[in-house]
Amino acid sequence: MTSDFTDSVTFNTALSVAGLTDYIRLLLEQDEQLRQVWITGEVSSANHHRSGLFFTLQDPDGTAAIKCVAWNSQVAKLVQIPAVGEQIIILGSIRLYPQRGEYQLTVWQALPAGVGLQALRYQQLRNRLLAEGLFDPEKKRPLPPHPQTIAVVTSPTAAAWGDIQKTLKHRYPGLQVLFSPATVQGEQAPESIVKAIARVEKDGRAEVLILSRGGGAVEELACFNDERVVRAVAECSIPVITGIGHQRDESLVDLAADVCVHTPTAAAELVVPSLSELSAQHQQRIDALYDAVYEVRTSAVNQLQILRNRLQRVGLDRQVKQEMQKLGWKRQQLLQVTSQRSQQATQHLELLRQKLATLDPKAVLQRGYAVVRQENGAIARHANELTVGQELLVQLGQGEVKVKVMEVTKKTLND
């Protein structure tokens, strides 16, 4: 039989060990699923080598195990350092080593089991939304100081809704509250919350929105890390304040909201002022204004009294009387000087008038003198200027006569 088996073998098609190993290596390393695979298990052994961390990951019941290595360049990046007895989740890729004919898992990341994967997904989503700018502080809007209408998104059966109502009624009676109910736990919660926010925006009356829930376990709050809810809050047309849970890490919705607090009651306290506090503040401002006015009035009265005292000290009334007396004296002096100068001017004018009357040619004529004019109107001053037969015009004190020269007696300069 051995001879028959030997005869049936075709030695030309036989593979070498290296050939078979390469074939298996290509099958493993080119498989898309094995290039990046998540594996969960328990660390059964761990050895720190100078080149990296070598450990074995096995199922809890010991039915299967795989050798793993995290090279030194990657160890510092691991969220969880593998230690014996711990349950972890590994992200890695399959590699085959021909020299030993063994395969092992090259580790890229290690996380605590259970919440580890959820934490990784949370971090990846957070980084992506952060890169898009959904959490930028510059985009945060201030809450309206005195809103008249607010909206609340939460479960109608949750204690949070009762706490919010009680707080709002106590702090700001008469406030209009629009309630948009939503499921805040479970698989249907993200879609329910998104629709509740959309209803508020469509209504258009609310000036601010409270999104709240009264705490819970991590898995119960998962809807507030859902990308759909985070985007609905970030894109809401009015400011959003979140009050979700007690003593917990921030959710992605908290990062996207304009303001976040830790409880529904705190959200209600922050969203509206207290009317009693506003009244007290208003009274304080009235008192401060009254004090300020009183202080200014008192200061003005004191200043006026100081001025009055100063005026009394300088004797202003006496000075005014003295100045009035001086003005009276100056007036009398001015009248006297004016009168004297007027009399002198009148006397001088009379003297000039008398002189003018004396020099008036008509007055001379009235005394018997006459003015002799030639035909050309020139006054005849010398007999030498006249000729016999020449007609002359003689102006008397009263009227004129025309005469003719009958004889001229000429005089020399020596006569």
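Residues numbered from 1 in each chain as written. Predicted model: local features only at pLDDT ≥ 70, side-chain atom pairs only at ≥ 80, totals over all residues. Heavy atoms only, no water.

Visitor: Where do I start with the overall build of the protein chain in this structure?
Guide: In terms of helices and strands, the protein chain carries 13 helices and 13 strands. Counting only contacts in the protein chain whose residues sit at least 6 apart along the sequence, the fraction spanning at least 24 positions is 60%. Per element, the accessible surface of the protein chain, about 28100 Å² overall, is 55% carbon and sulfur. (Helix = DSSP H or I, 4+ residues; strand = E, 2+ residues; numbered from the N terminus. Contact = heavy atoms within 4.5 Å. Areas by Shrake-Rupley, 256 points an atom, 1.4 Å probe, with all protein chains shown as cover.)

Visitor: Is there a simple way to explain the packing of helix 6 (residues 159–171) against helix 10 (residues 264–271) in this structure?
Guide: Axes are the key here: two packed helices are described by the angle between their axes and the distance separating the axes. Following both chains from N to C, one finds helix 6 and helix 10 inclined at 30 degrees, their axes separated by 8 Å at the closest point. Taken together, the axes of helix 6 and helix 10 are roughly parallel relative to one another. When the axes of helix 6 and helix 10 are compared, the crossing they make is right-handed. Seen from helix 6, the contacting residues are A160, D163, I164, T167, L168 and R171; seen from helix 10, they are P264, T265, A268, E269 and V271. Of the residues assigned to the contact of helix 6 with helix 10, the class counts are 6 nonpolar, 2 polar and 3 charged. (Axes fitted to C-alpha atoms, helices over the stretch in contact; angles between N-to-C directions. Parallel < 35°, antiparallel > 145°, perpendicular 65-115°, else oblique. Left-handed = near helix turned anticlockwise from the far one by under 90°. Nonpolar A, V, L, I, M, F, W, Y, C, P; charged D, E, K, R; others polar.)

Visitor: I keep staring at the nonpolar core and nothing clicks. Help me out?
Guide: Soluble, globular proteins show a tendency: their nonpolar side chains are buried together. Ranked by internal contacts, the top residues of the largest apolar core, which has 34 residues, are I193 and F224. Considering every element that reaches this core, the biggest residue donor is helix 7 (residues 189–203), with 5 residues. For F224, the residues in contact, after removing those within four places along its chain, are V184, I193, L211, R213, V230, I244, S251, L252 and V253. (Core = buried A, V, L, I, M, F, W, Y, C linked by side-chain atoms within 4.5 Å. Buried < 20%, exposed > 50% of the residue type's maximum accessible area, 1.4 Å probe, protein only.)

Visitor: Help me understand the sheet that holds strand 8 (residues 208–213), please; the structure alone is not making it clear to me.
Guide: Hydrogen bonds between backbone atoms are what pair the strands of a sheet, whose relative direction is either parallel or antiparallel. Pairing is parallel in the open sheet, where 5 strands are placed in the order 7-6-8-9-10. A single partner strand is all that each edge strand has here, and the edge strands are strand 7 (176–181) and strand 10 (259–261). Averaged over all neighbouring strand pairs, the angle between strand axes comes to 20 degrees, with direction disregarded. Sheet topology places strand 6 (residues 149–154) next to strand 7; 6 bridges connect them, and they run parallel. Pairing of A151 across the sheet is with L178, part of strand 7. (Pairing = 2+ DSSP bridges.)

Visitor: When you look at the pairing of strand 8 in this model, what are you seeing that I'm missing?
Guide: Looking along a regular strand, one sees the side chains alternate between the two faces of the sheet. Most of strand 8 sits out of view: 6 of its 6 residues are buried. Side chains of strand 8 alternate between two faces, with V208, I210 and S212 and L209, L211 and R213 buried alike. With 4 bridges joining them, strand 6 and strand 8 adopt parallel strand pairing. For A151, the partnering residue across the bridge sits in strand 8 and is L209. Pairing of strand 8 with strand 9 (residues 240–244), which is carried by 5 bridges, proceeds in the parallel orientation.

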